[in-house]
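Commentary on secondary and tertiary structure
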Amino acid sequence: MNLFRIPLLAVMLCVGWMARAQALGERNDFLRYVNDPRVDSIYHHLTPDERIAQLFWLMTENLHDPKSVQRVMSLVQTFQPGGLLYMRNTAADIVRFSAQASAVSRVPLIYSIDGETGAAMRVKGIRALPKAMTLGAIADERLLYRAGDEAARQLRGLGIHVNFAPVADVNVNAANPVIGIRSFGEDPHEVARRAVALMHGMQDGGVVAVAKHFPGHGDTDVDSHLALPVIGHTRARLDTVELVPFDAMIKNGVMGVMSAHLEVNALDTTRGLPASLSKPMLTDLLCHGMGFQGVVITDAMNMKGVKKAGQPGRVDALALAAGNDIVESTEDLGAAITSVKQAIDAGELTWCDIERKCRKALALKLWAGCGAPLPEPNDSLVTRINSGMDATLLPDLYRAALTVLPGAADTVALTPDSTEVLLLVMPGGKALADSIAAHRPAKRLNLVVGAKGEVIRQQLGRHAQVVICTGGFADARKVWNDAALAPLWRWLWQHNGVRVVVADSPYRLHQLKNIERAREVVLVYEAVPEAFQAAALYLSGQLTPVGRLPVTVSNLWRCGQGK
C-alpha cells in the first residue's frame with residue numbers, strides 16, 4: 001500500500017466522523033478546509049496531472065460486467081480521478097466496487113449518485129422516497145426536511161457522499177420530456193421553499209446536496225440527453241422564474257450546483273453553446289452575480305446536449321474554463337487531462353485556476369468524510385438500509401400530499417357510515433381498491449375494455465357513493481375512453497356520490513375525458529401502498545386533506561388548488 005495513503009485515510013476518517021455534527025451549524029462550510037494544512041499536504045503530494053484529474057468524476061455502470069469494472073478500475077489506477085458517479089446497480093456491487101477503487105486510489109475517492117427519490121433511483125431493492133411532484137404538494141417543511149435526512153441516511157449507508165438532488169427546475173411546461181414530475185412544481189417560490197427544506201435535510205445528514213439543472217430546465221420541450229434545448233426567455237423572466245430556486249438555495253448554503261446543457265440566449269448570445277460551457281452563465285452570473293462559492297459540477301458530459309460543442313477532452317477543458325469545478329462523466333479522461341494542459345498553454349486556464357478548483361474539491365472530500373470505512377457488501381445491506389427508515393415517514397409524506405380537487409358539482413364529503421361504497425376498479429386499481437375496502441364496507445366491479453355499461457349501471461342503483469379507482473394511466477386510459485362505456489360515464493357524472501381516485505401524475509388528468517365532472521378528484525400522485533392507504537383514510541373520514549396541486553392542469557385546475 002502507498003505509504004502516503006495510510007495517514008491520509010486516518011485524517012479523512014476522523015473528519016468523516018465529525019462531519020455530521022459540524023454540518024448542523026455549518027451546512028456548506030466545507031470551504032473552511034480549502035487552506036487547511038491537511039489540504040496543503042494532500043495537494044502538494046499530487047503531480048500536476050493528478051491535480052487536474054481530481055476535477056473529474058467518472059461514471060460507473062454495469063458493475064456486474066467484468067470488462068466494465070476493469071475499464072473504470074484501470075482509469076482510477078492510471079489517472080487518479082477525484083470521484084465516481086454510480087448509475088443503476090445493486091447495493092452490494094456499488095459497495096464492493098467502491099472498496100476496489102479505493103484500494104488503487106492515492107486520495108480517497110468521493111462517491112456520488114442521482115438520488116432524487118433517495119438511493120432507490122439508482123440502487124435496486126431500496127424503498128423509494130416520493131417523487132418531487134408528490135413532495136411539491138406538501139406544505140410542511142418539517143416533513144420535507146425528514147425526507148432529505150432519510151435520503152442522506154440511505155446514501156451514507158452505501159458509502160455515498162454526494163447526491164445530485166434536489167431538482168430546482170420550475171416545471172412550467174407540461175410537455176417537458178425530461179423534468180416533469182422530477183420538479184416540485186410550477187410556482188418558483190414554492191419550488192424554492194421545498195428544495196431548500198430537502199437540501200437542509202440532506203446536508204444536515206452529512207451528504208452534499210447539488211441543485212440542478214442551472215440555470216433552469218423546467219421550460220424546455222427537448223431532452224438535453226438527446227439534443228441541446230434552447231431557452232429564449234428574457235433576463236427579467238429568468239430572474240422571476242427559473243433562477244428563483246437557485247438563488248434561494250445558494251442563500252441557504254447549498255454546497256453544489258449542477259450546470260445544464262441548455263442554450264440560454266438572454267445570458268449568452270453564443271449560438272449552440274450550452275450553459276455548462278458558458279463563462280457568462282457560470283462565472284459571471286452564478287459565481288459573481290449570485291454569490292455561489294460552492295462546487296459547480298457539470299451535468300454528464302456524454303449527453304448529446306454538449307457533445308456537439310467539441311471532441312471529448314476538449315469540451316472538458318472548456319467546461320473548467322467556463323467556471324465548473326468538477327466535470328462529471330467525461331468520455332476520455334486521458335484526453336481531458338491533455339486538453340486542460342493545452343488550455344493552460346493557450347491562456348484559457350491557469351495553474352492558479354487548477355489549484356483553486358483542486359483545493360475546493362479536496363476540501364469537499366474532507367467535509368464529506370471520504371475515506372471512512374465502507375459497509376460490508378453482503379446480502380443484508382439492503383435489508384439494513386430499509387429497516388433503518390422511520391416507519392412513519394412514508395405514510396406521513398403521502399398523507400400530507402393527498403390533494404382533493406373539486407369537480408363540477410358541489411362537494412359532499414364521504415362519511416364513515418354504514419353505507420356501502422361501490423368501487424369501480426380500473427386496470428391497475430386493484431391495490432387501491434383493496435386499501436379502501438379494508439376501511440369501510442365496499443362492493444367491487446371491475447372495468448375493462450368492452451365491459452357492458454348498462455349491466456354495470458343497473459348495479460349502481462342502490463349505492464349512494466361510488467369511487468372510481470385508477471392506478472397507472474397506461475391501461476386505465478383505454479377503459480376510460482372506451483366508446484362502449486360512454487353512456488355509463490354520462491350517467492355517472494349525474495350520480496351524486498362519484499369520486500375518482502388518481503394515483504398518477506397530475507399532468508395526466510386531462511387525458512381522462514370529462515374527469516372534472518366528477519364530484520371530486522382525489523389525487524395521490526403515485527401508485528404505492530402508502531398513497532393508497534392515504535386515500536382510504538380520507539374516504540373513510542379519518543384524514544383531513546391538506547395537499548395542494550403543484551401545477552396547473554390544462555384548464556381544469558389551477559396550481560395551488562386543494563380542499
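Nothing here was measured: the structure is a model prediction, and the numbers come from that model.

What counts and how
- Residues numbered from 1 in each chain as written.
- Predicted model: local features only at pLDDT ≥ 70, side-chain atom pairs only at ≥ 80, totals over all residues.
- Heavy atoms only, no water.
- Helix = DSSP H or I, 4+ residues; strand = E, 2+ residues; numbered from the N terminus.
- Rg over C-alpha atoms; globule rule 2.2 N^0.38 Å.
- Contact = heavy atoms within 4.5 Å.
- Pairing = 2+ DSSP bridges.
- Buried < 20%, exposed > 50% of the residue type's maximum accessible area, 1.4 Å probe, protein only.
- Right-handed = clockwise from strand over helix to strand, strands pointing away.
- Phe/Tyr/Trp six-rings, centres within 6.5 Å; stacked < 30°, edge-to-face > 60°.
- Lys NZ or Arg CZ within 6 Å of the ring centre and 35° of its normal.
- Polar contact = N/O pair within 3.5 Å; in protein donor to acceptor, adjacent residues only side chain to side chain.
- pLDDT = per-residue confidence, 0-100.
- Axes fitted to C-alpha atoms, helices over the stretch in contact; angles between N-to-C directions.
- Expected span 1.5 Å × (residues − 1).
- Parallel < 35°, antiparallel > 145°, perpendicular 65-115°, else oblique.
- Left-handed = near helix turned anticlockwise from the far one by under 90°.

Okay, the overall build of the protein next. Looking only at helices and strands, the protein has 22 helices and 17 strands in total. Computed over its C-alpha atoms, the radius of gyration of the protein comes to 26 Å, within 12% of the 24 Å expected for a compact globule of 563 residues. Reported as C-alpha extents along the three principal axes, the dimensions of the protein are approximately 80 × 50 × 45 Å. Contacts in the protein between residues at least 24 apart in sequence constitute 77% of all its contacts with a sequence separation of at least 6.

One open sheet accounts for 8 strands, arranged β10-β8-β6-β5-β3-β2-β1-β11; its pairing is parallel. Either end of the sheet is taken by a strand with one partner, and the two such strands are β10 (295-298) and β11 (327-328). The sheet contact formed by strand β8 (residues 256-259) and β10 spans 4 bridges and is parallel. Paired with G256 across the strands is V295, a residue of β10.

Okay, the pairing of strand β13 (residues 421-425) next. Within β13, 5 of the 5 residues are buried, which leaves the element mostly enclosed by the surrounding structure. Of the two faces of β13, the one carrying V421, L423 and V425 and the one carrying L422 and L424 are both buried. Pairing of β13 with strand β14 (residues 442-446) involves 5 bridges; the strand directions are parallel. When the bridges of β14 are listed, V425 appears paired with N446. The parallel pair β13 and β14 is bridged by helix α18 (residues 430-437), and the resulting crossover is right-handed. Bridging between β13 and strand β15 (residues 465-469) involves 5 bridges; their strand directions are parallel. Each residue of the ladder has a partner; that of V425, found in β15, is C469.

Let's shift gears to the packing of aromatic side chains. In total, this model carries 7 aromatic pairs according to the counting rule given. Relative to F164, the ring of W57 lies with its centre 6.3 Å away and its plane at 40°, an arrangement referred to as tilted. With W57 in strand β1 (residues 56-60) and F164 in the loop between β5 (162-163) and α8 (188-204), the pair connects residues that are 107 residues apart, well separated along the chain. Accessibility assignment for this pair places W57 and F164 in one class, buried. Joined through ring pairs, the aromatic side chains of Y86, F97 and Y111 make up one cluster. Here the basic side chain of R51 rests over the ring of Y43, its NZ or CZ set 4.1 Å away from the ring centre.

Below, the discussion takes up the side chain of Q561. Here Q561 is to be found in the segment after α22 (529-539). When its relative accessible area of 16% is taken as the criterion, Q561 is described as buried. A polar contact is formed between the side chain of Q561 and the backbone nitrogen of R558, at a distance of 2.7 Å. Look past the residues within four positions of Q561 in its chain and what remains in contact with it is T403, L405, P406, G547, R548, L549 and L556.

When pLDDT is averaged along the protein, the result is 90, and 92% of the positions lie at 70 or above. Note on residues 1-25: pLDDT under 50 across the span, and 47 contacts to partners over four residues away in sequence or across chains. Low confidence marks residues 411-418, where pLDDT is under 50. Its contacts with residues over four positions away, or in another chain, come to 20 contacts.

One open sheet holds the 6 strands; their spatial order is β12-β17-β16-β15-β13-β14, and the pairing between them is mixed. Each edge of the open sheet is held by one strand with a lone partner, namely β12 (403-406) and β14. Strand-to-strand twist across the sheet, computed as the mean angle between neighbouring axes with direction ignored, equals 20°. Bridge count for strand β16 (residues 498-502) against strand β17 (residues 520-523) is 4 bridges, and the pairing is parallel. Of the residues in β17, the one forming a bridge with R499 is E520.

This brings us to the environment of W480. Within the fold, W480 resides in helix α20 (residues 473-480). The sequence separation of W480 and G83 amounts to 397 residues, and the corresponding C-alpha distance is 49 Å. Among the polar contacts listed, one links the side chain of W480 to the backbone oxygen of K513, at a separation of 2.9 Å.

The next subject is helix α7 (residues 141-156). End to end, α7 covers 22 Å across 16 residues, agreeing with the expected 22 Å (1.5 Å per residue, within 8%). Looking only at α7, the buried set comprises L143, L144, A147, G148, E150, A151, A152, Q154 and L155. Where α7 begins, the capping side chain belongs to D140, and its oxygen is found 2.9 Å from the backbone nitrogen of R142.

What follows is about unusual backbone geometry. A cis amide bond links A165 to the next residue, P166, at an omega of 5°. Structurally, P166 can be placed in the loop between β5 and α8. The peptide bond linking F214 to P215 adopts the cis configuration, its omega dihedral lying at 5°. Of note, P215 is situated in the loop between β6 (208-214) and β7 (230-231). Backbone geometry at N514 places phi at a positive 65°, although glycine is not the residue there. Along the polypeptide, N514 turns up in the loop between β16 and β17. Of note in this structure, Y525 is not a glycine but carries a positive phi near 75°.

With respect to the helices, strands and loops of the structure, E50 is situated in helix α3 (residues 48-53). For E50, a relative accessible area of 13% translates into the label buried. Here E50 is in contact with H45, F79, Q80 and R106, once residues within four sequence places are set aside.

Let's shift gears to the environment of S380. Considering the arrangement of structural elements, one finds S380 in the loop between α15 (351-368) and α16 (381-387). Spatially, the C-alpha atom of S380 lies 9.2 Å from that of A92, the residues being 288 residues apart in sequence. Of note is the side chain of S380, whose polar atom sits 2.8 Å from the side chain of N378.

Another aspect to go through is helix α11 (residues 279-289). Every buried residue of α11 is listed here: M281, L282, T283, L285 and L286. Capping of α11 at its N-terminal end is provided by S278; its side-chain oxygen lies 3.2 Å from the backbone amide nitrogen of M281.

Packing of α18 against α22 brings their axes to within 8 Å, and their N-to-C directions diverge by 40°. Classified by the angle their axes make, α18 and α22 are oblique. Note on packing geometry: the crossing formed by α18 with α22 is right-handed. Within the contact between the two elements, α18 uses A431, L432, S435 and I436 and α22 uses F532, Q533, A535, A536 and L539.

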